[in-house]
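Observations on the three-dimensional arrangement
Chain residues, written in single-letter form:
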Amino acid sequence: MKKFLTLLMFFILAISVGCTPDQPITQLEVGRNKLLGAGLSIEAVNHLKRAETEEANTPAEKVEPRALLLVAYSHALATGDAKTQEVEIPGLEAEYKQARSVRIAALSNIEMKRILQLLAERHRTQDATIQILVDKGTDAVPILIEYLGIRRYLVLRPDLIEMLYQIGSKSVDQMTAALNDSNTSTEIKMILAQLIGRINDSRAIPALEAIQSESDPGLKMEINIALYNLGKQEYRTQIITGLSDNDITVRRAAAQAMLRLDNPPADELVSTLNDSDAQVRMYAGQTLEKYPTENAIDRLIEILTNDTDESVKEAAARALIVHGGQDFGKGIARRLIKALPEVSEPKDRIRIVLVLKKDALVEQIKNAAKAHDDNIEYDLFLYFKNEEQNDMVKEELSMLLNGLRD
């Protein structure tokens, strides 16, 4: 009996030690889950308003509910939920617009940083959240520039760049100040120079020219490009010369700039397709999609069938489709069909077939059969029947062959 009582007391003690009262679920937690987890912004607003007034007692505690509440208002307006709910709650849309406007005006730096953290988490409220910082305008610019240089927010970089671009001319003065700041890294200065060129505000010209002579080669090229975009045509020659520079950052910047150059030089672009750097080759291919030239066809086909980089091959494929629609590109389909047996990777053969399925190339195949000079459609059929072993490639080839009968 004594042993039984001892065991019973031990069991009760174990239960009393192991059990703690459940933590209550807060309004903040419910509101966050409804907003970020389910996208129920109007339901979230009610919980987050209570969290702000009932659960947050200090300014630091209010940061989270205030940031989320602003996102909730913005998301409800952006999705049209606030307007839809006006049937049950008259005046709701106007109320949310007013609340959003007031809160954006009062948005603090620490709240903006919390909003950027939410953006980095990638929720369904992304677009509405981005618009908050765009609407904040110049006050958001220093933080956006700061976060451009934080490595753990690298995933946000495209969004940060787009926000600065949308803020536009109002951000130029702060961006040129960052260009002149020795604490700003060269990498970020290059991004800012690109942005200034895109925004196209001529007020930036003196600031850009002032730092040009003391910049490193890559940044100097980005400044040349920005100045060209701002109307300084005299920098065109320096940009073109950059295509053959020994510095890889210079070549990349110059190659990327070709898309924004008026009538880029064809011969230099074709030569750039031979660059050792994949990014440079990719940019050249993208430019040749916009500015086709007969001299590029041989190299584009070689890239499509032999290059080691996926992005370069994709750029070449898109460029060849455009070239196939030109008078000088009428032999492209024939050459691609003959190249198929030599391409070892199935995904590369699929890419070639996808090019052949485009209207201009289909027309070439049909015209060759009509002219009876080279029945490349029959060659394609024989390849499909006798040589191709991969099921996915055969499926694409089958669709192409069936389409040729239409």
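Think of each chain on its own: its residues are numbered from 1, step by step along the sequence as written. Predicted model: local features are reported for residues with pLDDT of at least 70 only, side-chain atom pairs are reported and counted for 80 or more only, and whole-chain, interface and lining totals are derived from all residues. Hydrogen atoms and water are omitted, and side-chain values are computed over all heavy atoms in the structure.

As recorded in an unreviewed UniProt entry, the protein goes by HEAT repeat domain-containing protein and comes from Geodia barretti.

For the rest of this paragraph, the subject is the pattern of salt bridges. By definition, a salt bridge exists where a carboxyl oxygen of Asp or Glu is found within 4 Å of a side-chain nitrogen of Lys or Arg. Applying the stated criterion across every chain yields a total of 36 salt bridges. Across the pair arginine 351 and glutamate 310 runs a salt bridge whose closest N-O atoms are separated by 2.4 Å. In this pair, arginine 351 is assigned in helix H22 (residues 346-356) and glutamate 310 in helix H20 (residues 310-324), connecting sequence segments 41 residues apart. For arginine 351, a relative accessible area of 8% puts it in the buried group. Accessibility here uses a 1.4 Å probe with only protein chains present; expressed as a share of the type maximum, an area under 20% marks a residue as buried, one over 50% as exposed, and anything in between as partly exposed. Judged by relative accessible area, which is 31%, glutamate 310 ranks as partly exposed. Strands are runs of DSSP state E lasting at least two residues, helices are runs of H or I lasting at least four, and both sets are numbered from the N terminus onward.

Before going further, it helps to spend a moment on unusual backbone geometry. Even without being a glycine, arginine 122 presents a positive backbone phi close to 60°. Here asparagine 263, not a glycine, exhibits a phi torsion of approximately 50°, which is positive. With respect to the element layout, asparagine 263 can be found in the loop between helix H16 (248-257) and helix H17 (266-272).

Let us now look at helix H25 (residues 391-404). Helix length check: H25 (14 residues) gives 20 Å between terminal C-alpha atoms against 20 Å at 1.5 Å per residue, within 8%. Restricting attention to buried positions, one finds in H25 the residues Val393, Glu396, Leu397, Leu400, Leu401 and Leu404. An end-on view of H25 places all buried positions within 135° of arc, on one side of the element. Turned more than 90 degrees off the buried face of H25, the exposed positions are Asp391 and Met392. At the N-terminal end of H25, a side-chain oxygen is found 3.0 Å from the backbone nitrogen of methionine 392, two or three residues along, and the residue is asparagine 390. The span one expects for a helix is its residue count, reduced by one, times 1.5 Å. Note: the arc covers the axis-to-C-beta directions of the helix. In protein, a polar contact means a hydrogen-donor-capable atom and an acceptor-capable atom, both N or O and within 3.5 Å, with residues adjacent in sequence counting only if both atoms are side-chain atoms; elsewhere, any N or O pair within 3.5 Å suffices.

A few words now on the environment of serine 171. Relative to the elements of secondary structure, serine 171 occurs in the loop between helix H10 (157-167) and helix H11 (172-179). It is 9.3 Å that separates the C-alpha atoms of serine 171 and isoleucine 199, two residues lying 28 residues apart in sequence. Residues are treated as being in contact if the distance between any of their heavy atoms lies within 4.5 Å. Once residues within four sequence positions are removed from consideration, serine 171 is found in contact with Val141, Leu164 and Ile199. A distance of 3.5 Å separates a polar side-chain atom of serine 171 from the backbone oxygen of leucine 164. Looking at serine 171, its side chain comes within polar contact range of the main-chain oxygen of glycine 168, at 2.6 Å.

A separate point is H22. In terms of burial, H22 is a largely internal element, eight of the 11 residues being buried. Turning to H22, its buried residues are Asp348, Arg349, Ile350, Arg351, Ile352, Val353, Val355 and Leu356.

Moving on, we come to the packing of H22 against H25. It is at 9 Å that the axes of H22 and H25 come closest, and there the two elements cross at 10°. Here H25 runs roughly parallel to H22, going by the angle between their axes. Across from Pro346, Arg349, Ile350, Val353, Leu354 and Leu356 in H22, the residues of H25 making contact are Met392, Val393, Glu396, Leu397 and Leu400. Residue composition of the contact of H22 with H25, grouped by class: nine nonpolar, no polar and two charged. Only the contacting stretch of a helix is used when fitting its axis, a line to C-alpha atoms as for every element, and angles between N-to-C directions run 0 to 180 degrees. The cut-offs work like this: below 35 degrees is roughly parallel, past 145 is roughly antiparallel, 65 to 115 is roughly perpendicular, and the gaps in between are oblique. All residues other than Ala, Val, Leu, Ile, Met, Phe, Trp, Tyr, Cys, Pro, Asp, Glu, Lys and Arg, Gly among them, are scored as polar; the first ten of these are nonpolar and the last four charged.

Locating glutamate 187 in the fold gives a position in helix H12 (residues 186-199). A residue is classified by how much of its surface remains accessible, and glutamate 187, at 37% relative accessible area, is partly exposed. Taking the C-alpha atoms as reference points, glutamate 187 and threonine 176, 11 residues apart in sequence, are found 14 Å from one another. If we ignore the near neighbours within four places in the chain, the residues touching glutamate 187 are Arg151 and Arg157.

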